[in-house]
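So you can see what is in the structure, the chains are spelled out below.
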Amino acid sequence: MGEIEGTYRVLQTPGSRLGVQKTTGVSTLEPGQNLSTAMASSPAKTHERDLPIKIKMLDNTVEVLDIESKYYGQTLLTEVYKHLNLIESDYFGIEFQNIQSYWIWLEPMKPVIKQVRRPKTTMLRLAVKFFPPDPGQLQEEYTRYLFALQIKRDLAEERLTCSDNTAALLVSHLLQSEIGDFDESEDREHLKTNQYLPNQERIEGKILEFHRKHVGQTPAESDFQVLEIARKLEMYGIRFHLASDREGTKINLAVSHMGVLVFQGNTKINTFNWSKVRKLSFKRKRFLIKLHPEGPYQDTLEFLLGSRDECKNFWKICVEYHTFFRLFDQPKPKAKAVFFTRGSSFRYSGRTQKQLVDYIKDSGMKKTPYERRHSKVRASTRALNTDVPKQSVPFTEGLRTPGSPASAAVPFHSVHSSATPTPVLPIFAETSPSSLDPRAPYTRIPEKNTAAPAEAAGRKLMQQPGSPMLQGIPVDHPQLSSLMLKSPLGLNPAFQVNFNTAGQGSSPLLSPVLSDAGSARIEEDDEMKRKRYPTDKAYFIAKEILATERTYLKDLEVITVWFRSAVIKENAMPEGLMTLLFSNIDPIYEFHRGFLKEIEQRLSLWEGKTNAHVKGDYQRIGDVMLRNMRTLKEFTSYLQKHDEVLTELEKATKRLKKLETVYKEFELQKVCYLPLNTFLLKPIQRLMHYKLILARLCKHYTAEHRDFADCRNALKEVTEMTSRLQHCLIRLENFQKLTELQHDLIGIDNLTAPGREFIREGCLYKLTKKGLQQRMFFLFSDMLLYTSKGVTGTNQFKIHGHLPLHGMLVEESENEWAVPHCFTIYSAQKTIVVAASTRLEMGKWMEDLNMAIEMAKKSTEKSDMLLENSVCNRSNRSSDEVSLEQESEDDIHSSRSSLDRQSHHRANTTMHVCWYRNTSVSMTDHSVAVENQLSGYLLRKFKNSNGWQKLWVVFTNFCLFFYKTHQDDYPLASLPLLGYAVSSPVEADGIQKDYVFKLQFKSHVYFFRAESKYTFERWMEVIKRATSSPARSSLLLPKDEKDSHTD
């Protein structure tokens, strides 16, 4: 029947998930060879006539390189990189157009003349080959400059499609880089002679308006802003390959750092992550993706490209992208076959991104200046400000001089080339309304006297004049004016921005191993500095208040700043709902900003940085807490309205398609690291935290301590508020959980029906004709749902069956079925047999099921009508009667044909974590987790790494979120902790430091180091409580005993 022409087995390799073990790929090099020795052993040079090769650089100049006819591609690449004095060269490649006029990458391991048909007349060009998800991974300024030139080229060639606003902002930063500060006449003249965009005259006004705001920004900072904006666009680094699916639908295939992408037009409709791909292969024109099997679904997808050459070209690019971004080490040599080989032997032969990052970090090369060919601004010779960019590895400037004496081993000579790009086609297609984040290019600069000195030491703070702007919204907009115009200077401190700096964190998609590569290490002298701070337990409790308040304020900003900006931009929310939402949360946000400033000032005095002679009067926190808890009582009426806000927002989202779209797209932004409506519960949950912290302070102090009375009175005030709001919080948490599940489940329309309560979600194995099949079960007060996870890009769960609790019976049946941890569920409709992963899990499910059945018996309302209205019965047959082939065809068909439901969901929600970790979570667990939230700086170390990396860590919703600093707007990465065990390191771990705790799940091990004994104990305590999944019976403990457990 013919054989597969090219295959590539995708090994399990580290990606965005933490701590996956090392693995290697395959190379075509001989054993003992590396790339340089392979080139050296290539056929000896002859005295044949040299070939003049023309190469267009990224600045549109053309260089001519005379090479010998038998030169390999790698030799040509090496000479070009030497000529440019380019260190981070592995991100780049040389491309050329073949006879069919599509672009091909020059292969290092083949002679140039065997790849380029007419080398004398073909124009090759230097281009970016691998686009990292975050420009912070580019450690050289020169590399970022070249990347910015690539973005400029992509804009001109209409590869990087975006909205007019985004295009204008990108061009304005390019202008700042090339001609310096705004000058209207000079700008207009420059835009006349330089075409950055097709039809750029339409948006020239917007370009000038944005450029006016970049005063004082250096070329290096402008380059970084270009990359920061571009990387958020859906078309960033995307190169289309025309294809069609099995049904003949025209699509575009592309590859990125995360996997293989499928587009229809310019809209991404599917992503096949590397972690899900088992094998890539092609046969003639057919491109095949083999996925890891999940349940009964078909695991091979097929696409048809225009020709065999196009298919093979795309396959090669996929192989290279996977190796570069997913493997730790350069692929090992593969032994050559003795007689014959089957299929293509092509493999990536360069350095991986991890190797490249390590090489740059360890090389300590001397930096030299480089020339910006198009820039009228003098080249930078200083290191970037430490705040630019906050999230990135330390930026020392990779400055170069093209054609330095030692760089050219072969003759280069330049040819004049017009800087004007080739004429291009029509206007841009709008990609995503949220493609430009409200504060993406900017960072907030706190007032110097408010930052805690322990964390602000050494940080240079600077502020440039200019008026802030949130995604083009003027400051006097009615919905923003109440927030922004209350400061005597016209701006609240939290909204003061520095147009020279970048306030974005690294992409959560990038591997934390790569994030770790350029991080600053903590030296012993830093430890000595920490030891000079107060050691009183009360001080560390106060510091916990400060740390968690900072996180809480950031959470409020998700609503008050980011979500507000999104709905205003699209005009998506009715005026009445807008007023209801923001009139209730804005006053709370304003209060907490002032409260945070007071805590920061008090901690600064407590640490003895100022007024040392009177510091004894300030080594307490009770007076600050009492004063603010009394003020906070006035906001109780606002908090009581959050029930109405949550309900109305959900109703409006169902009713208004535009608002639903904005809501879903906003939840996909990295700043919205939890489900959006979770942030609306934060104000009431924060009161619970104050109560627990104040109780801890009162327990620590003696009755005679001068701070005890204030702490006790503050505790009384907050207890009074929480007792009034406790019932409201329980109801809100249940409603929030139901709406979250409504978004993530396919096949149910009215999950938030009145009276329904969520009880437990988790993974069980259901016994079917095909054996035990993994299913996700959801237990409510009136029904039990079971679902499975599809292989489509939605990450949603599809409902397979529902059982009403009325008349249900549950009994253990291990002996009957000879399956461990097995129990049988009898209902009026059907009987199912399920198995849990452990006996403890089985006990939890049986206890909760029996309790829910008893509750259903006592309920006077029948649930049958409710079920008929809420669950969509797609078929009259039960799920057991659906064959494996039919299920597979349904899901694969939907992944190819239905574009309506394609949306990406977070993989760290409790639902997905339970699925992958074979565990379950109850509503009780969620309530315990709410009480056990924590923030602060920790030092992190991987099992096999040497250094410690300082990170701002937030623990909430059973998950650790990692930031570079507390000022970052979104996390670098996350680590779901369900299933992890927390303990102290053992001797075999080789940890010689104090206050270190260890997190372990199977072979995944992480170490975290706290600054004090109190902080160490607190992290151990909250993680243990939130992840140990206590039995429901803990709710029935006597009050005194329960308090002893929570204190």
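Structure: see above.
Residues numbered from 1 in each chain as written. Predicted model: local features only at pLDDT ≥ 70, side-chain atom pairs only at ≥ 80, totals over all residues. Heavy atoms only, no water.

J.: I would appreciate a short explanation of the pairing of strand β26 (residues 831-835) in the present structure.
T.: In the case of a regular strand, side chains alternate between the two sheet surfaces. Counting buried residues in β26 gives four out of five residues, a clear majority hidden from the surface. The pairing of strand β20 (residues 758-768) with β26 spans two bridges and is classified as antiparallel. Each bridged residue has a counterpart across the sheet, and for Y765 the counterpart in β26 is A835. With five bridges connecting them, strand β25 (residues 822-826) and β26 associate as antiparallel partners. Bridge assignment links C822 to a residue of β26, and that residue is A835. From the end of β25 to the start of β26, which pair antiparallel, there are four residues. (Buried < 20%, exposed > 50% of the residue type's maximum accessible area, 1.4 Å probe, protein only. Helix = DSSP H or I, 4+ residues; strand = E, 2+ residues; numbered from the N terminus. Pairing = 2+ DSSP bridges.)

J.: Explain the sheet that holds strand β34 (residues 1004-1009) here, please?
T.: Through backbone hydrogen bonds, the strands of a sheet pair up, either in parallel or in antiparallel fashion. Here we have seven strands laid out as an open sheet, ordered β31-β30-β29-β28-β34-β33-β32, and antiparallel in their pairing. Among the strands making up the open sheet, the edge pair consists of β31 (973-976) and β32 (981-983). For this sheet the average axis-to-axis angle between neighbouring strands, irrespective of direction, equals 35 degrees. Taken together, the five bridges between strand β29 (residues 949-956) and strand β30 (residues 959-963) define a ladder with antiparallel strand orientation. Paired with F955 across the bridge in β30 is L960. This element, helix α14 (residues 537-570), spans β28 (934-942) and β29 of the sheet and lies at about 90 degrees to β28. (Axes fitted to C-alpha atoms, helices over the stretch in contact; angles between N-to-C directions. Contact = heavy atoms within 4.5 Å.)

J.: Whenever I open this one, unusual backbone geometry confuses me. Can you help?
T.: The bulk of non-glycine residues show a negative phi, and the bulk of peptide bonds are trans. At N199, a position not held by glycine, the phi torsion is positive, near 55 degrees. Within the secondary structure, N199 is located in the loop between α5 (184-193) and α6 (204-211). If you check the backbone angles, N957 has positive phi at about 50 degrees while not being a glycine. Tracing the backbone through its elements, the reader meets N957 in the loop between β29 and β30. For N957, a relative accessible area of 30% puts it in the partly exposed group.

J.: For this particular structure, what's the right way to read the nonpolar core?
T.: If you look at soluble globular proteins, the nonpolar side chains tend to sit buried side by side. Residues L76, F92 and F287 are the most contacted members of the largest nonpolar core, which totals 99 residues. Take this core: its biggest share by element is nine residues, from helix α8 (residues 308-326). In this structure, F287 is in contact with L253, L280, S281, F282, L301, E302, F303, L305, C311, F314, W315 and C318, ignoring residues within four places of it in sequence. (Core = buried A, V, L, I, M, F, W, Y, C linked by side-chain atoms within 4.5 Å.)

J.: I keep staring at α6 and nothing clicks. Help me out?
T.: Of the positions making up α6, those classed as buried are E204, I207, L208, F210 and H211. Viewed end-on, α6 has its buried residues packed into an arc of 165 degrees, placing them on one side of the element. For α6, the secondary structure elements touched by its buried residues are α4 (164-179) and α5. (Arc of directions from axis to C-beta.)

J.: Sorry, what's going on with the packing of helix α16 (residues 622-632) against helix α20 (residues 676-700) here?
T.: In contact at an axis separation of 13 Å, α16 and α20 are set at 150 degrees when each is read in the N-to-C sense. In terms of orientation, α16 lies roughly antiparallel with respect to α20. Seen from above, α16 lies across α20 with left-handed handedness. Only L687, Y690 and L694 of α20 make contact with α16, whose side of the interface consists of M625, M629 and L632. For the contact of α16 with α20, a count of residues per class yields six nonpolar, no polar and no charged. (Parallel < 35°, antiparallel > 145°, perpendicular 65-115°, else oblique. Left-handed = near helix turned anticlockwise from the far one by under 90°. Nonpolar A, V, L, I, M, F, W, Y, C, P; charged D, E, K, R; others polar.)

J.: How do you make sense of the environment of K943 when you look at a structure like this?
T.: By the element assignment, K943 lies in the loop between β28 and β29. Residue class for K943 comes out partly exposed when judged on its relative accessible area of 37%. Sequence-wise, K943 and H1004 are 61 residues apart; in three dimensions their C-alpha atoms are separated by 8.1 Å. For K943, the residues in contact, after removing those within four places along its chain, are S1003, V1005 and F1007. Among the polar contacts listed, one links the side chain of K943 to the backbone oxygen of S1003, at a separation of 3.1 Å. (Polar contact = N/O pair within 3.5 Å; in protein donor to acceptor, adjacent residues only side chain to side chain.)

J.: Help me understand the packing of α5 against α6 in this model?
T.: Running from amino to carboxyl end, α5 crosses α6 at an angle of 135 degrees, the nearest separation of the two axes being 11 Å. Relative to α6, the element α5 is oriented oblique. Here α5 runs over α6; the crossing is right-handed. Between α5, through E184, D187, R188 and L191, and α6, the contact on the second element is made entirely by E204, I207, L208 and H211. Looking at side-chain class alone, the contact of α5 with α6 contains three nonpolar, one polar and four charged residues.

J.: Sorry if this is basic, but what is going on with the pairing of strand β3 (residues 51-56) here?
T.: Alternating positions in β3 separate cleanly, L51, I53 and I55 being buried on one face and P52, K54 and K56 remaining unburied on the opposite face. As paired strands, β3 and strand β4 (residues 62-67) are joined by six bridges and run antiparallel to one another. From the neighbouring strand, L51 faces β4, where its bridge partner is I67. Hairpin connection between β3 and β4: a loop of five residues separates the two successive antiparallel strands, and N60 in this loop has a positive phi of roughly 70 degrees. In the sheet, β3 pairs with strand β7 (residues 123-128) via three bridges, with the strands oriented parallel. Note on β7: the bridge partner recorded for K54 is M123.

J.: Teacher, can you tell me more about the packing of aromatic side chains here?
T.: The description of an aromatic ring pair rests on the distance of the ring centres and on the angle between the ring planes. Considering all chains together, one arrives at 34 aromatic pairs under this definition. Aromatic side chains F962 and F1008 sit 6.0 Å apart centroid to centroid with 0 degrees between the ring planes, which places their arrangement in the stacked category. In this pair, F962 sits in strand β30 while F1008 sits in strand β34, placing the two residues 46 residues apart along the sequence. With respect to burial, F962 and F1008 carry one shared label: buried. (Phe/Tyr/Trp six-rings, centres within 6.5 Å; stacked < 30°, edge-to-face > 60°.)

J.: Which parts of the structure should I look at to understand the environment of M1020?
T.: Structurally, M1020 is set in helix α28 (residues 1013-1027). Among the residues examined, M1020 registers a relative accessible area of 11% and is labelled buried. M1020 sits 24 residues away from V996 along the chain, and the two C-alpha atoms are 9.7 Å apart. The residues touching M1020, leaving out its near neighbours within four places in the chain, are V982, S983, S984 and F997.

J.: It is not clear to me how the environment of Y995 should be interpreted in this structure. Could you clarify?
T.: Here Y995 shows up in the loop between β32 and β33 (996-1001). Its relative accessible area of 35% is what places Y995 among the partly exposed residues. In sequence terms Y995 and S1012 are 17 residues apart; their C-alpha atoms lie 6.5 Å from each other.

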